Amino acid sequence: MKISDQTAFVTGANRGIGRAFISEFLVRGAKKIYAGVRDVHSVDRQLSEDPRIEIVGLDVTDPGGIARAAGVATDASVLVNNAGVVAFESLLDGSMAAVRRQFDTNVFGVLETTRAFAPILRSQQGAVVNVLSAAAWFSAPANGAYCASKAAAWSLTNGLRLELAPAGVLVQGVHFGAVDTDFSAGYDGPKISSGDVVRASLDGLEHDAIEVLVDSHSRAAKEALTGPPNAFVERM
Ligand SMILES: NC(=O)c1ccc[n+]([C@@H]2O[C@H](COP(=O)([O-])OP(=O)(O)OC[C@H]3O[C@@H](n4cnc5c(N)ncnc54)[C@H](OP(=O)(O)O)[C@@H]3O)[C@@H](O)[C@H]2O)c1
């Protein structure tokens, strides 16, 4: 796939890794980019003034909004399911509302957005990029529900890949550890940049890679799956 031939739709595009996807699609000459954002007033000037970018209001937990977004972006060939949330709460003692919010966004949001865009992507023989995490492959007491949601999103990625492959749609899962965004502001360990993530993902798309392991955390987490289960603890 040549990025310069593509029209992309990115969820959670106003900041963090989603914003970096927009910049990298621009650098690689994408034809057009739809920036899916919860609040259309939250976008910076470069996003709102670039003629190749169209801002689309989208909360991935709102089925009506997802349907409207797919109705606008009828020429999209690459869907980037990037929007995600984390709550640093115990599985047992944290709020169930926080658990549900993470699954609604990180799992059902990905599925429902992909379902809405599937006819468009099939007609374009395009691609889906699911922004996952090394946390798909381990757990941690501080954010067990988030890890579980990313494990579910990984399995979803594998299932969607099988269902979309006959129409020539590639489904890529992207995994990595901590990235320097608002999301990981409370984490003091080493972080890669959002640019590292998006360059690895789009390099991967250009080479038809269905899985991209961006850093040593994601590679170590995946490798540990073949070992004893008590090794599936936080590795970051
Ligand atoms: N940063 C890390 O260390 C890290 C590590 C592994 C994986 N990830 C994954 O990378 C992805 C992006 O994370 P990030 O670091 O860029 O986080 P971030 O800086 O917190 O940005 C999150 C983005 O998701 C959007 N969003 C949240 N809920 C949404 C919803 N219901 N509908 C639409 N958009 C929604 C936010 O919009 P608002 O501005 O409106 O809140 C924001 O644009 C997530 O899927 C995350 O799980 C991040």
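Scroll up a little and you will see the structure.
A quick note: this is a predicted structure, and the numbers were derived from the prediction, not measured.

Colleague: What's the story with the pairing of strand E5 (residues 127-131) in this structure? I'm lost.
Modeller: Burial analysis of E5 places five of its five residues in the buried class, which makes it a mostly covered element. The two faces of E5 match: Ala-127, Val-129 and Val-131 on one face and Val-128 and Asn-130 on the other face are all buried. The pairing of strand E4 (residues 78-81) with E5 spans four bridges and is classified as parallel. The residue of E5 that forms the bridge with Leu-79 is Val-128. Across five bridges, E5 lies against strand E6 (residues 170-175) in parallel orientation. Residue pairing in the sheet places Ala-127 in a bridge with Leu-170 of E6. Taking the sense of rotation as the criterion, the β-α-β connection linking E5, helix H5 (residues 144-164) and E6 turns out right-handed.

Colleague: Can you help me understand unusual backbone geometry in this one?
Modeller: When glycine is set aside, most residues are seen to have a negative phi, and most peptide bonds are trans. Phi angles above zero are rare outside glycine, and Gln-125 is one such case at about 50°. Mapped onto the elements of the fold, Gln-125 is located in the loop between helix H4 (96-124) and E5. Residue Asp-208 is not a glycine yet carries a positive backbone phi of 55°. Within the secondary structure layout, Asp-208 lies in the loop between helix H6 (194-206) and strand E7 (211-213). Of the residues examined, Asp-208 reaches a relative accessible area of 48% and is grouped as partly exposed.

Colleague: Where do I start with the packing of H4 against H5 in this structure?
Modeller: Helix packing geometry: the angle between the two helix axes and the distance between the axes. Remark: H4 packs on H5, axes separated minimally by 9 Å, with the N-to-C direction vectors making an angle of 15°. Taken together, the axes of H4 and H5 lie roughly parallel to each other. The way H4 lies across H5 gives a crossing that is right-handed. Touching Val-99, Gln-102, Phe-103, Asn-106, Val-107, Val-110, Leu-111, Thr-114, Ala-118 and Arg-122 of H4 are Ala-145, Tyr-146, Ala-148, Ser-149, Lys-150, Ala-152, Ala-153, Leu-156, Leu-160, Glu-163 and Leu-164, all from H5. Partitioning the contact of H4 with H5 into residue classes produces 14 nonpolar, four polar and three charged.

Colleague: What's the story with the sheet that holds E6 in this structure? I'm lost.
Modeller: The pairing of strands in a sheet happens through backbone hydrogen bonds and is either parallel or antiparallel. The strand order E3-E2-E1-E4-E5-E6-E7 describes an open sheet built from seven strands, whose pairing is parallel. Sheet topology places strand E3 (53-57) and E7 at the edges, where each strand pairs with a single neighbour. The sheet shows a mean angle of 15° between the axes of neighbouring strands, direction not considered.

Colleague: Help me understand the site of the ligand, please; the structure alone is not making it clear to me.
Modeller: Surrounding the ligand, one finds 28 residues, the nearest of these being Asn-14, Arg-15, Arg-38, Tyr-146 and Thr-181. One of the side-chain nitrogen or oxygen atoms of Arg-38 is found 2.7 Å away from an oxygen atom of the ligand. The fraction of the free accessible surface of the ligand (900 Å²) that becomes covered by protein chains is 93%. Of all the secondary-structure elements, those providing two or more residues to the shell around the ligand are helix H1 (16-27) and H5. Along the lines of polarity and charge, the residues of the shell around the ligand split into 12 nonpolar, 11 polar and five charged.

Criteria and thresholds
- Residues numbered from 1 in each chain as written.
- Predicted model: local features only at pLDDT ≥ 70, side-chain atom pairs only at ≥ 80, totals over all residues.
- Heavy atoms only, no water.
- Buried < 20%, exposed > 50% of the residue type's maximum accessible area, 1.4 Å probe, protein only.
- Helix = DSSP H or I, 4+ residues; strand = E, 2+ residues; numbered from the N terminus.
- Pairing = 2+ DSSP bridges.
- Right-handed = clockwise from strand over helix to strand, strands pointing away.
- Axes fitted to C-alpha atoms, helices over the stretch in contact; angles between N-to-C directions.
- Parallel < 35°, antiparallel > 145°, perpendicular 65-115°, else oblique.
- Left-handed = near helix turned anticlockwise from the far one by under 90°.
- Contact = heavy atoms within 4.5 Å.
- Nonpolar A, V, L, I, M, F, W, Y, C, P; charged D, E, K, R; others polar.
- Near = heavy atom within 4 Å.
- Polar contact = N/O pair within 3.5 Å; in protein donor to acceptor, adjacent residues only side chain to side chain.
- Areas by Shrake-Rupley, 256 points an atom, 1.4 Å probe, with all protein chains shown as cover.

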